[in-house]
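# Chain and residue survey
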Amino acid sequence: MEEQALFFRDTWVEVDLDAIAANLEETKKLLNQDTKFIAIVKANAYGHGDAQIAEVALESGASYLAVAFLDEAIALRKKGINAPILVLGASRAQDVSIAAEQQITLTVFQEDWLYDAMHYLNKDVPLKVHIKIDTGMGRIGVKTPAELQKVEEIMMADGRFEIEGVFTHFATADEMDRTYYHQQLKQFNTMVESMKEKPVLIHASNSAATLRSQEAHFNAVRLGIAMYGLTPSMEMEPEIPFPLKEAFSLHSKLIHVKKLEKGEKVSYGATYETPEEEWIGTIPIGYADGWIRKLQGQFVLVDGIKVPIVGRICMDQCMIKLPYEVPVGTTVTLIGKQKDQFISINDVATRLETINYEVPCIISNRVPRIYKKFGKMVDMKNSILYY
Ligand code: PMH
């Protein structure tokens, strides 16, 4: 019997797991042999698919995964990921026993939170924690050696906590001016020095800090954006020591093709008027897929040729100007490669006046994610489908 298709609209994200593995292999060459790496798979792995990315990162040598919220960690456990997972953000005190039971590591960042958490922790299931130090990001974390020592003391006295790690996060590691970054690094060193006992894992570097020098590697680094093949910022792109490989591409297919006469209108508001006779194609992707209205005018690839989106983007569809009559069913690439042309995530970010991080994150769950590994499409059953 023929296998039933798992989705029924020709719009999809293709994630190249080989690109992820290659980015990690290259990054590993920059690390000392003993330096561990933590793969950041929060926000559904920046839109790429949490379990799939977790798996390939672990195969590539990641010793830890990290997410923003406890829900994300539990979702990974449900999908069969047994590796250590750190929740980087705040978790609710009343949920600590769930984290402990599932062997999920939480971030401790405030003394008051600890007192609350202690009410909810079971006697015999210890909780692994990393202490977050705020060295200048101003988000969460203890700020002074006194605060740090206090949280250490409380946890040591209680006995149900295992302080496995300590970390901080840089606010400007991707910028040319290194002053603030060095200030944060110095403060982190001072704080770690003041600890009663040094934890096993000490980590500070995001992708930018990891790629630029070893000075803040300590014994682990946290890799997000570079693993996905994207530069942490446009200004540091020339400094990246190897070619990053973008893993995420976005495709659709023409569902309707027609010839319009000069002076005909396209889409809501009838704002686009054909300046001459034109071939117009419709593709089934719209703002509900995260392909937002601001992308009107953005180029897409058809038959290896860049053509613009014309007229307003609708909720589920948008129209493109075709170079000539192209058959229905032809693939349209919105992000990625066709023939010798490439539309990068950075191109889309530039159009949206935002950063590359946002682009894969905003492509909504309505768009299925399919995977390529060892140059071949992975079994569709492993794809991510919202429906
Ligand atoms: N560590 C922490 C605590 C983070 O918040 C992030 C990314 C990373 C590591 C990975 O950074 P990278 O992707 O630059 O390598 N956090 C965010 C954020 O909160 N907004 O954008 C990126």
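Look up a bit, the structure's there.
Owing to the predicted nature of the structure, the values given are computational and were not obtained by experimental measurement.

## With respect to helix α3 (residues 50-59)
Of all ten residues in α3, seven are buried, a share of seventy percent or more. Along α3, the residues classified as buried are D50, A51, Q52, I53, A54, V56 and A57. Just beyond α3, the residue with positive phi is G61, at close to 110°.

## Looking at the packing of helix α6 (residues 111-120) against helix α7 (residues 145-158)
In the contact formed by α6 and α7, the axes pass within 9 Å of each other and the chain directions differ by 15°. Of the possible angle classes, the one that applies to α6 and α7 is roughly parallel. Classified by chirality, the crossing of α7 by α6 is right-handed. Seen from α6, the contacting residues are E111, L114, Y115 and M118; seen from α7, they are K150, V151, I154, M155 and D158.

## Quick word on a nonpolar patch on the surface
Among the surface-exposed residues, Y287, I292 and M315 lie close enough to one another that they form a single nonpolar patch of about 250 Å² accessible area. In this fold, M315 is placed in the loop between β16 (305-310) and β17 (318-322). Residue classification places M315 among the partly exposed residues on the basis of a relative accessible area of 42%.

## Describing helix α4 (residues 70-78)
Of all the positions in α4, only L70, E72, A73, I74, L76 and R77 are classed as buried. Contacts made by the buried residues of α4 are with α2 (42-46), α3, β3 (64-67), β4 (85-87), α5 (96-101) and β5 (104-108). Just past α4, the residue G80 takes up positive phi, approximately 90°.

## Side note on the nonpolar core
Among the nonpolar cores identified, the biggest contains 116 residues, and W291 and I320 are the most heavily contacted of them. A domain split of this core shows at least three residues from each of domain 1 (17-230) and domain 2 (248-356). Those residues in contact with I320, other than ones at most four positions away along the chain, are L254, W279, I280, G281, I283, V300, V302, V307, P308, I309, V310 and V332. Within the second largest apolar cluster, seven residues are counted, among which are L260, V266, C314 and M319.

## Here's the deal with the site of the ligand
Near the ligand you find I40, K42, Y46, L88, R139, H169, N206, S207, R222, G224, I225 and Y357, and these make up its full shell. A distance of 2.7 Å separates a nitrogen atom of the ligand from a polar side-chain atom of R222. About the coverage of the ligand: the protein hides 81% of its 480 Å² of free accessible area. Classifying every residue of the shell around the ligand by side-chain character gives five nonpolar, four polar and three charged.

## So, the environment of K196
Position of K196 among the secondary structure elements: in the loop between α8 (179-193) and β8 (201-203). In sequence terms K196 and Q296 are 100 residues apart; their C-alpha atoms lie 57 Å from each other. Among all residues touching K196, those that are not within four sequence positions of it are Q149, E152, E153 and M156. Polar contacts involving the side chain of K196 include one to the side chain of E153, which spans 3.4 Å.

## A word on the environment of G281
Tracing the chain through its elements places G281 in strand β14 (residues 278-283). Linking G281 and C318, residues 37 residues apart in sequence, is a C-alpha distance of 8.5 Å.

## Digging into unusual backbone geometry
Not every positive phi belongs to a glycine, and Q103 is a case in point at roughly 50°. Mapping Q103 onto the fold places it in the loop between α5 and β5.

## Here we look at the pattern of salt bridges
Summed over the entire model, instances satisfying the criterion amount to 22 salt bridges. With its nearest N and O atoms 3.1 Å apart, the salt bridge here joins E26 to K29. By relative accessible area, E26 is classed as partly exposed at 27%. Between E277 and K259 there is a salt bridge, and its shortest N-O distance comes to 3.6 Å. In this pair, E277 is assigned in the loop between β13 (272-273) and β14 and K259 in strand β11 (residues 256-260), connecting sequence segments 18 residues apart. Salt bridges sharing partners connect three or more residues here, namely R9, D289, D316 and R366.

## What about the side chain of R222?
Along the chain, the position of R222 falls in strand β9 (residues 220-223). D134 is the oppositely charged side chain nearest to the buried, salt-bridge-free R222, at an N-O distance of 11 Å.

## Some words on the pairing of strand β18 (residues 331-338)
In terms of burial, β18 is largely enclosed, as six of its eight residues are buried. Of the pairings in the sheet, the one linking strand β10 (residues 248-253) to β18 comprises four bridges and is antiparallel in character. For S252, the partnering residue across the bridge sits in β18 and is V332. The pairing of β18 with strand β19 (residues 341-343) spans three bridges and is classified as antiparallel. Along β19, the bridge assignment pairs K337 with F342. In this antiparallel pair of consecutive strands, β18 and β19, the connection spans two residues, and K339 shows a positive phi of 50°.

Conventions we followed
- Residues numbered from 1 in each chain as written.
- Predicted model: local features only at pLDDT ≥ 70, side-chain atom pairs only at ≥ 80, totals over all residues.
- Heavy atoms only, no water.
- Buried < 20%, exposed > 50% of the residue type's maximum accessible area, 1.4 Å probe, protein only.
- Helix = DSSP H or I, 4+ residues; strand = E, 2+ residues; numbered from the N terminus.
- Axes fitted to C-alpha atoms, helices over the stretch in contact; angles between N-to-C directions.
- Parallel < 35°, antiparallel > 145°, perpendicular 65-115°, else oblique.
- Left-handed = near helix turned anticlockwise from the far one by under 90°.
- Contact = heavy atoms within 4.5 Å.
- Patch = residues over 30% accessible without salt bridge, like charges linked within 9 Å, V, L, I, M, F, W, Y side chains within 5 Å.
- Areas by Shrake-Rupley, 256 points an atom, 1.4 Å probe, with all protein chains shown as cover.
- Salt bridge = Lys/Arg side-chain N within 4 Å of Asp/Glu carboxyl O.
- Core = buried A, V, L, I, M, F, W, Y, C linked by side-chain atoms within 4.5 Å.
- Domains from an automatic or database assignment.
- Near = heavy atom within 4 Å.
- Polar contact = N/O pair within 3.5 Å; in protein donor to acceptor, adjacent residues only side chain to side chain.
- Nonpolar A, V, L, I, M, F, W, Y, C, P; charged D, E, K, R; others polar.
- Lys, Arg positive; Asp, Glu negative; His and termini not counted.
- Pairing = 2+ DSSP bridges.

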